[in-house]
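# Fold and geometry: a report
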Amino acid sequence: MTSSRAITDTPEAGDRLMPPTLIFGATGEMTVMQEEIFGPLLPVIAYRDLDEAIGYVNDRPRPLALYYFDDDRRRQDHVLASTLSGGVTINDCIYHLAQHNLPFGGVGPSGMGQYHGLDGFVTFSKKRPVMVQRAFAGTALLRAPWAGRQKLLRAMLRIASR
């Protein structure tokens, strides 16, 4: 298609409702293709084969989510192996967000981190690693001062080399 058109019911100005809208022939110059979509808008991009669609996805910034519809497991695996995105839902939309055992977050400009469920708690809980070395730890033999420890270390190395 060469022209862009939307298929929708025309909402009344005062309704403050936007019906689901398909945008056919969307181009990269359109705002809807340059910004995150937070509404019932679905740009439709035509492609000849799966690899062309994968190329289209990979030629753009990493998406926050990827939705793929296909019952063929081989093609599902191909899409997963060939793309990089935030959450993925196969044969549905949005439901990966409702799975509290799955992390939520994107890759690169689409968002970093895992901000959902336990992964979100771990992300925002700034862990403070603390290691305490005890006075009589085995690693004390490896620290200076070396005087007095050389004989012991040589003896240990002889035993270890047997």
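Residues numbered from 1 in each chain as written. Predicted model: local features only at pLDDT ≥ 70, side-chain atom pairs only at ≥ 80, totals over all residues. Heavy atoms only, no water.

The next subject is the packing of aromatic side chains. Within the structure shown, the criterion is met by zero aromatic pairs. Lying over the aromatic face of tyrosine 56, arginine 60 brings its terminal NZ or CZ to 3.5 Å of the ring centre. (Phe/Tyr/Trp six-rings, centres within 6.5 Å; stacked < 30°, edge-to-face > 60°. Lys NZ or Arg CZ within 6 Å of the ring centre and 35° of its normal.)

This part covers the confidence of the model for the protein. Per-chain confidence: the protein averages 78 in pLDDT, with 67% of residues scoring 70 or above. Highest mean pLDDT in the protein belongs to helix α1 (residues 50-58) (96); lowest belongs to strand β1 (residues 5-7) (56). (pLDDT = per-residue confidence, 0-100. Helix = DSSP H or I, 4+ residues; strand = E, 2+ residues; numbered from the N terminus.)

Within the largest apolar cluster, five residues are counted, these being Leu50, Ile54, Leu66, Tyr68 and Val79. For this core, the secondary-structure elements that each account for two or more residues are α1 and β4 (65-68). In contact with leucine 50, other than residues within four places in its own chain, are Tyr68, Arg75, His78 and Val79. (Core = buried A, V, L, I, M, F, W, Y, C linked by side-chain atoms within 4.5 Å. Buried < 20%, exposed > 50% of the residue type's maximum accessible area, 1.4 Å probe, protein only. Contact = heavy atoms within 4.5 Å.)

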